[in-house]
Amino acid sequence: MSRSIMPGGPKDPLDSSPLVDSSDWLRSPFDKVRRDSVANNRFLFARRIFQVSRRWRKFLSLELRERSANQSGWQALFWMSLSGGAANQRELARRVDAQESTIARALDALEQQGLVVRKTAKDDRRVKSVELTEAADPVIREINEKAGMLRDRILSHIDAADLAITVRVLGQIVERMNELEQDAERRN
């Protein structure tokens, strides 16, 4: 039986802290930001992105806990499925935004469950290639199904036009972040 975390389900204690539940969480500590509506909206946007991202992963992790897949584990399976069923540990750590040691432990668990196999890369023996097994297919289907149901529950009340604008704006933000990251890499 699946335990749903929405609505009325358990809350993440960090998301229900007095700070996050209060209006103070969304108030800028900087006078300049409070006085400038553009700066204030940028501040609020960044806070909301942080909150939504963190809680979204937490909700999905709670939905997937019966699978005993931790967050790094299900994210690794998800990214590997998108990349054609294979990746290396370093790339997975980057995609999941986790330490390589965290991914290594998650992959240990996934390997013990028979969902992935690790192999030494042919061209560089220091690199571990990770491949999905056939046993991972139903698990990935379940991850995608539960993620889809979660998206539907969370986003179903959002106007389609508003959602399309949000997707477009987030895409622009990602593009700008990619540009800034490339600039930083060129300088280093």
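Our structure's up above, just so we're on the same page.
The rules behind these values
Residues numbered from 1 in each chain as written. Predicted model: local features only at pLDDT ≥ 70, side-chain atom pairs only at ≥ 80, totals over all residues. Heavy atoms only, no water. Helix = DSSP H or I, 4+ residues; strand = E, 2+ residues; numbered from the N terminus. Expected span 1.5 Å × (residues − 1). Buried < 20%, exposed > 50% of the residue type's maximum accessible area, 1.4 Å probe, protein only. Core = buried A, V, L, I, M, F, W, Y, C linked by side-chain atoms within 4.5 Å. Salt bridge = Lys/Arg side-chain N within 4 Å of Asp/Glu carboxyl O. Pairing = 2+ DSSP bridges. Axes fitted to C-alpha atoms, helices over the stretch in contact; angles between N-to-C directions. Contact = heavy atoms within 4.5 Å.

Enquirer: Is there a simple way to explain helix 3 (residues 37-63) in this structure?
Expert: An α-helical turn contains 3.6 residues, so any two residues separated by three or four positions project in the same direction. Counted at 1.5 Å a residue, the expected span for helix 3 with its 27 residues is 39 Å, and the 38 Å between its end C-alpha atoms agrees. Listing the buried residues of helix 3 in full gives Ala39, Phe43, Gln51, Phe59, Leu60, Ser61, Leu62 and Glu63.

Enquirer: What am I meant to see in helix 4 (residues 71-82) here?
Expert: Taking 1.5 Å as the rise per residue, helix 4 with 12 residues should run 16 Å; its terminal C-alpha atoms sit 17 Å apart, in good agreement. When helix 4 is considered as a whole, its buried residues turn out to be Ser72, Gly73, Trp74, Gln75, Ala76, Leu77 and Met80. Just downstream of helix 4, Gly84 is the residue with a positive phi angle, here 85°.

Enquirer: Quick question: what am I supposed to make of the nonpolar core here?
Expert: The nonpolar side chains of a soluble globular protein tend to be buried with one another. Formed by 25 residues in total, the largest nonpolar core has its most connected members in Leu77, Met80, Leu92, Leu107, Leu110, Val116 and Leu132. Looking at this core, the elements that each hand over two or more residues are helix 3, helix 4, helix 5 (89-96), helix 6 (100-112), strand 3 (128-132) and helix 7 (136-155). At seven residues, the largest contribution of residues to this core is made by helix 7.

Enquirer: Honestly, the pattern of salt bridges in this entry has me stumped. Any pointers?
Expert: When charged atoms on two side chains of opposite charge get close, those side chains can pair. One pass over the full model with this rule turns up 10 salt bridges. The partner of Glu142 in a salt bridge is Lys146, and the shortest N-O contact between them spans 3.5 Å. Of the two residues, Glu142 and Lys146 both sit in helix 7, four residues apart, roughly one turn of that helix. Residue Lys146 is classed as buried on the basis of its relative accessible area, which comes to 9%. Here Glu179 and Arg176 are joined by a salt bridge, their closest N and O atoms 3.1 Å apart.

Enquirer: Help me understand the sheet that holds strand 1 (residues 86-88), please; the structure alone is not making it clear to me.
Expert: Paired through their backbone hydrogen bonds, the strands of a sheet run either parallel or antiparallel. Pairing is antiparallel in the open sheet, where three strands are placed in the order 1-3-2. Strands with a single pairing partner mark the edges of an open sheet, and in this sheet they are strand 1 and strand 2 (116-120). Going from strand to strand, the sheet's axes swing by 25° on average, the running direction of each strand aside. Alignment of strand 2 against strand 3, held across five bridges, turns out to be antiparallel. Following the sheet pairing, Thr120 is matched in strand 3 by Lys128. The sheet strands contacting helix 4 are strand 1, strand 2 and strand 3, and the helix crosses strand 3 at an angle near 85°. Most of the contacts of helix 6 go to strand 2, to which it runs at about 120°, and overall it touches strand 2 and strand 3.

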